[in-house]
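Notes for the structure review
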Amino acid sequence: TGLDEKTASLLGIAFSWEADAGCYVELGANGSALEDFRAVLENAAIGKSGHNLKFDVSVLHWHGVRVAGALFDTMLAHSLIDPDQRHKMDYLSETYLGYTPISYAEAFGSKVEKSGQLSLFDLDQPAKEESGPDPEKVARYAAEDADVTWQLAAIFRNQLKEHAQERVFYEIEAPLLPVLV
């Protein structure tokens, strides 16, 4: 529901397990369904991939979930592969996958906070005229985000090797992520 990982409420969780497949699960008003995912998220034997994982892992941390396992952050990987380019997921999707995902603004509406960021605080409220985003668009956006990230991770794993950045990523950058959280 916001950009402050300490105070943001969890509305849903999205994940992907193969290209062109993504799923979004609404967590409910109090986020109680998050408990259903705890065993996977906290399992050190299961790696997790994401885009800007520091934020996601931080939000989960503040909700009592201690994410464990190898972490692969596509934004972090791309910053090593091509440091002079933009690292936003939409740009990476268009560049590497030739696909333009649904935009954040399209999914969440045009309400903008003073910070210039779109506000999600209405999302868990019943849909009202102009009061909040369409839950179907939010679900599509989140599932697509997970799918695009899954596909980018596969590409960037190979490119880290091609750019001789594997050691930096896997031995320095990725292990530092939970420390920063």
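Residues numbered from 1 in each chain as written. Predicted model: local features only at pLDDT ≥ 70, side-chain atom pairs only at ≥ 80, totals over all residues. Heavy atoms only, no water.

When the pLDDT values of the protein chain are averaged, the result is 87; 87% of them are 70 or greater. A low-confidence stretch, residues 112-119 stays under pLDDT 50, and its non-local contacts, those more than four residues away or across chains, total 11 contacts. (pLDDT = per-residue confidence, 0-100. Contact = heavy atoms within 4.5 Å.)

The next point concerns unusual backbone geometry. You will see that Asn52, though not glycine, has its phi angle at about 60°, which is positive. Positioned with a positive phi, Ala164 is a non-glycine residue whose angle comes to about 55°. In this structure, Ala164 sits in the loop between helix 6 (135-162) and helix 7 (166-180). Relative accessible area serves as the criterion here: at 64%, Ala164 is assigned to the exposed category. (Helix = DSSP H or I, 4+ residues; strand = E, 2+ residues; numbered from the N terminus. Buried < 20%, exposed > 50% of the residue type's maximum accessible area, 1.4 Å probe, protein only.)

It is worth spelling out the pairing of strand 2 (residues 21-26) at this point. Of the strand pairs in this sheet, strand 1 (residues 12-18) and strand 2 are connected by five bridges, and their pairing is antiparallel. When the bridges of strand 2 are listed, Ile13 appears paired with Val25. (Pairing = 2+ DSSP bridges.)

The final tally for this structure, using the stated rule, is four salt bridges. Here Arg38 makes a salt bridge to Glu42, at a shortest N to O gap of 2.9 Å. Since its relative accessible area comes to 30%, Glu42 is described here as partly exposed. The network of salt bridges with common partners includes Glu35, Arg38 and Glu42. (Salt bridge = Lys/Arg side-chain N within 4 Å of Asp/Glu carboxyl O.)

Another aspect to go through is helix 2 (residues 53-62). Among all positions in helix 2, only Leu53, Val57, Ser58, Val59 and Leu60 are buried. The first or second residue beyond helix 2 is Gly64, which carries a positive phi of 85°.

Turning our eyes to something else, we now look at helix 7. Its 15 residues place the ends of helix 7 20 Å apart at the C-alpha level, agreeing with the 21 Å of an ideal helix rising 1.5 Å per residue. At Glu173, helix 7 shows its strongest bend, of approximately 30°, with the proline Pro175 following within four residues. Contacts from the buried residues of helix 7 go to helix 2, strand 4 (71-73), helix 3 (74-81) and helix 6. (Expected span 1.5 Å × (residues − 1). Bend = angle between axes of the 7 residues up to and from the residue.)

Moving on, we come to the packing of helix 4 (residues 89-97) against helix 6. Packed helix pairs are specified by the crossing angle of their axes together with the interaxial distance, meaning the distance between the axes. Running from N to C, helix 4 and helix 6 cross one another at 60°; their axes reach a closest spacing of 10 Å. By the angle between their directions, the pair helix 4 and helix 6 is classed as oblique. Our pair here, helix 4 against helix 6, has a crossing hand that is left-handed. Between helix 4, through Met89, Leu92, Ser93, Tyr96 and Leu97, and helix 6, the contact on the second element is made entirely by Asp145, Val148, Thr149, Gln151, Leu152, Ile155, Phe156 and Gln159. Class assignment of the residues belonging to the contact of helix 4 with helix 6 gives a composition of eight nonpolar, four polar and one charged. (Axes fitted to C-alpha atoms, helices over the stretch in contact; angles between N-to-C directions. Parallel < 35°, antiparallel > 145°, perpendicular 65-115°, else oblique. Left-handed = near helix turned anticlockwise from the far one by under 90°. Nonpolar A, V, L, I, M, F, W, Y, C, P; charged D, E, K, R; others polar.)

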